[in-house]
Amino acid sequence: MIEIRNLTKSYKKHTALQDVSLDIKQEMFGLLGPNGAGKTTLMRILATLLTPTKGSVRMGGIDLADAEQIRPIIGYLPQYFHLYPQLTALEFLDYVAVMKGMNRPSERREQILYLLEQVNLTDKARAKIRTFSGGMKQRLGIAQALLGDPRVLIVDEPTAGLDPEERVRFRNLLNQSSLSRTVLLSTHIVADIESSCSRVAVLSRGQVAFAGSLTELQACA
Ligand code: ADP
Ligand code: ADP
């Protein structure tokens, strides 16, 4: 589903990614690595927010450079994202849906109500985001990323700051999302992917230090 070939990204003098190649199927794939390893850089390239210095990416056979074709395929939840605290969950999702080019109000409404139910926020639809807990905000983040039913969901360090109960909830939500799409999850916490991702890659100083099954990775450790 995702073919990453010889991807390099340099910021002025610093090389954040160097010659990264990976193949990701329709699965939940884990991207591990310490802070500074290049995870966010890779995810931002995959989300078309950054242009690589070298290399190429194809998703479902479409080149990442083909913005118009590729954007609707991708849903992205950045590590830090801006939620408008004065809006309700419904208003926020409607705003994002309009931004994504969903022009028909009835279509937006239907999808938003469906997604709110998926992320267990139906009873908070009309509550202001400023009243939400961290876990609720993350779940709303997943709902906005899933608007438009993208084939690829990219999630960057999602469980930072969540309590254990919210973590489990969030993990279940991602597991469910991965039944019908490719999910790419970055984290520096191995426990986040243990129960979910069968295949993982480890980034270290911008390079792929390991790519394979989680069992193999645990065998090396
Ligand atoms: P992470 O917590 O995943 O390491 P960062 O905190 O490094 O993420 O990055 C957050 C944002 O700041 C990103 O948009 C990233 O591109 C930017 N950023 C990170 N490091 C630098 C840097 N040295 N100079 C400029 N921008 C940076
Ligand atoms: P991670 O997400 O694994 O923490 P990042 O992709 O955020 O890693 O960062 C990889 C490296 O690139 C870090 O050394 C970071 O400081 C650097 N970096 C990230 N964004 C920028 C930027 N906009 N300008 C300069 N350096 C950056």
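An unreviewed UniProt entry annotates the chain as ATP-binding cassette domain-containing protein of Paenibacillus lutrae. The UniProt entry for the chain carries the following comment under Sequence similarities (unreviewed entry): "Belongs to the ABC transporter superfamily."

What to know about the site of ligand 2
By nearness alone, every residue bordering ligand 2 is listed as Tyr 11, His 14, Ala 16, Pro 34, Asn 35, Gly 36, Ala 37, Gly 38, Lys 39, Thr 40 and Thr 41. At 3.1 Å, a side-chain N or O of His 14 approaches an oxygen atom of ligand 2. One of the backbone N or O atoms of Gly 38 is found 2.9 Å from an oxygen atom in ligand 2. Secondary structure elements with two or more residues in the shell around ligand 2: β2 (14-24) and α1 (39-46). Examining the composition of the shell around ligand 2, we find that three residues originate from one element, α1, more than from any other. Its residues placed into classes, the shell around ligand 2 shows four nonpolar, six polar and one charged.

Criteria and cut-off values
Residues numbered from 1 in each chain as written. Chains lettered and ligands numbered in written order. Predicted model: local features only at pLDDT ≥ 70, side-chain atom pairs only at ≥ 80, totals over all residues. Heavy atoms only, no water. UniProt positions renumbered as here; feature names shortened; annotations may be inferred. Near = heavy atom within 4 Å. Polar contact = N/O pair within 3.5 Å; in protein donor to acceptor, adjacent residues only side chain to side chain. Helix = DSSP H or I, 4+ residues; strand = E, 2+ residues; numbered from the N terminus. Nonpolar A, V, L, I, M, F, W, Y, C, P; charged D, E, K, R; others polar.

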